[in-house]
Amino acid sequence: MQSLRRLGTSSLLRTIIRIQDILPSCQAVHILDPSIAYEITNRSFHNASCLYNGQAAVALRHRKPKAQGATNQYFIDMKQVSVIAGNGGDGAISFLHLWANEFAGPDGGDGGSGGHVIFQASTDVNNLSHVKTILSAPHGEKGQNKDCFGKNADNFVVNVPVGTIVRSLEGKIVADLGNVGMMFIAARGGAGGHGNAFFKSDIEQSPKISEYGAKGESFQYLLELRSMANIGLIGLPNAGKSTLLRAISRARPKVAPYPFTTLKPHVGMVQYNDYEQVAVADLPGLIADSHKNRGLGITFLKHAERCAALLIVLDMSMDEPWEDLELLQYELQQFSKQLADRPVVVIANKMDLPESQENLNVLKEKTQLQIVPISAKMGQNLSTLVAEIRMLYNNETGKDFYGQDRNKRDEHEIV
């Protein structure tokens, strides 16, 4: 094996062995259902082995240890920015003097144009935390003598996530960056001023005038993300949302025994063995009359509006947790009917406490929603929860049991 490794053929042998192990399984599946076999064999050998046993994707276990402290990084899905474009360079006033021609004429060059401020949709970023509050583009250079024009300033391009909506302060949508590479010129740079050489004519041979560079545009915008995460965790304060996100992902939101420890959303990624990742957001806690902007209620509900599905986390150790469920549903419906119609799964948290089981039995009688009992602190029944998260994600993206598009129809049939 050492000699094969020196020749660089060990990876080839491993690939051949892997193919020989997989092909008998493909033949067996083909006998049972040819359509399933075709779907499986179309996938690469790297991620297809988990599908031959007919089971759904399983969440991966994080083997690398996490840091113990809380992280200061949080997800920003809305930001107000001021954009200032660059000013144009001033034109120059100059007259050329040569050794043989003392009055060679005007030679003042034009100024360069200022830079634009441009928002560009990119997949390299996923939130607005890197976007500064004030975005300024460089100015154009001034014109010089000997007909030297000033250099045009470079445009200031700001990468924003795909799906960013640009609004004016009045709430009007001015740009919707829904595709990769789309650009929006938020502020145009000023044009450079003309030098005195520009104004030379048959009538005026030696003009002594020039132009100032134009001022760049200045605006204020409100940047919003259309989609923040696939799944959003909502609930009352101290329901255990941050602890749950720590348990199922590598995110490290702050956890403390007092309410409103989460003031800004945190996003964690739940990874599965078919290389799919589902974004789960820990949203700040809601209280009564949040739809009336009590506290920061409107801001909190807007975070939930950017999630495709919702997980309502309930503290089962509290007295009558079903009333908390009714309160949360009422706040969602009062804020937006579309938000209340999102897919919802109830998470009965803190089932390790003795009084939680009795409250769970009563909760099942009072609601028709799907309930998943867990204990985020002790890690109970988390495998069932991540499986439900994957089912919500598949329903959102229109995928089937194997992660393939349900609307996709094969052009070729297996004979």
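Since the structure is predicted, the reported quantities are computational estimates derived from the model, not experimental observations.

Enquirer: Lay out the overall build of the chain in plain terms, naming residues and giving numbers.
Expert: A tally of regular secondary structure across the chain gives nine helices and 16 strands. Expressed as a percentage of the 415 residues in the chain, the buried residues total 42%. When the accessible surface of the chain is totalled, it reaches about 23400 Å², and 51% of it is carbon and sulfur.

Enquirer: Go over the packing of helix H6 (residues 321-335) against helix H8 (residues 356-366) with me, naming the residues and quoting the values.
Expert: Running from N to C, H6 and H8 cross one another at 40°; their axes reach a closest spacing of 9 Å. By the angle between their axes, H6 is oblique relative to H8. Counted together, Pro321, Trp322 and Leu325 of H6 and Asn359, Val362, Leu363 and Lys366 of H8 form the full contact between these two elements. Class assignment for the residues of the contact of H6 with H8 results in five nonpolar, one polar and one charged.

Enquirer: Provide a residue-level description of the pairing of strand S12 (residues 266-271), including the pertinent values.
Expert: Side chains His266, Gly268 and Val270 project from S12 onto a buried face, and the interleaved Val267, Met269 and Gln271 project onto a face without burial. With six bridges joining them, S12 and strand S13 (residues 277-282) adopt antiparallel strand pairing. Looking at the pairing, Val267 lines up with Ala281 of S13. Here S12 folds back onto S13, and the loop between the two strands holds five residues, one of which, Tyr275, carries a positive phi near 70°.

Enquirer: Account for unusual backbone geometry, with residues named and values stated.
Expert: One non-glycine residue, Asp147, lies in positive phi territory at about 55°. Secondary-structure assignment places Asp147 in the loop between strand S5 (134-136) and strand S6 (156-161). Asp147 sits in the partly exposed class, given a relative accessible area of 47%. With a phi angle near 60°, Asn381 is a residue other than glycine that sits in the positive phi range. In this fold, Asn381 is placed in the loop between strand S16 (371-373) and helix H9 (382-397).

Enquirer: Break down the side chain of Ser242 for me, with residues and values.
Expert: Structurally, the position occupied by Ser242 is in helix H4 (residues 241-248). Ser242 gets classed as buried once you look at its relative accessible area, which sits at 9%. In this view, Ser242 contacts Pro253, Lys254, Val255, Thr262 and Asp282; residues no more than four positions away in its chain are not counted.

Enquirer: Tell me what's going on with the environment of Ile312, and back it up with residues and numbers.
Expert: Position of Ile312 among the secondary structure elements: in strand S14 (residues 307-315). By relative accessible area, which is 1% here, Ile312 ends up buried. Separated by 35 residues in the primary sequence, Ile312 and Ile347 have C-alpha atoms spaced 5.8 Å apart.

Cut-offs and rules
- Residues numbered from 1 in each chain as written.
- Predicted model: local features only at pLDDT ≥ 70, side-chain atom pairs only at ≥ 80, totals over all residues.
- Heavy atoms only, no water.
- Helix = DSSP H or I, 4+ residues; strand = E, 2+ residues; numbered from the N terminus.
- Buried < 20%, exposed > 50% of the residue type's maximum accessible area, 1.4 Å probe, protein only.
- Areas by Shrake-Rupley, 256 points an atom, 1.4 Å probe, with all protein chains shown as cover.
- Axes fitted to C-alpha atoms, helices over the stretch in contact; angles between N-to-C directions.
- Parallel < 35°, antiparallel > 145°, perpendicular 65-115°, else oblique.
- Contact = heavy atoms within 4.5 Å.
- Nonpolar A, V, L, I, M, F, W, Y, C, P; charged D, E, K, R; others polar.
- Pairing = 2+ DSSP bridges.

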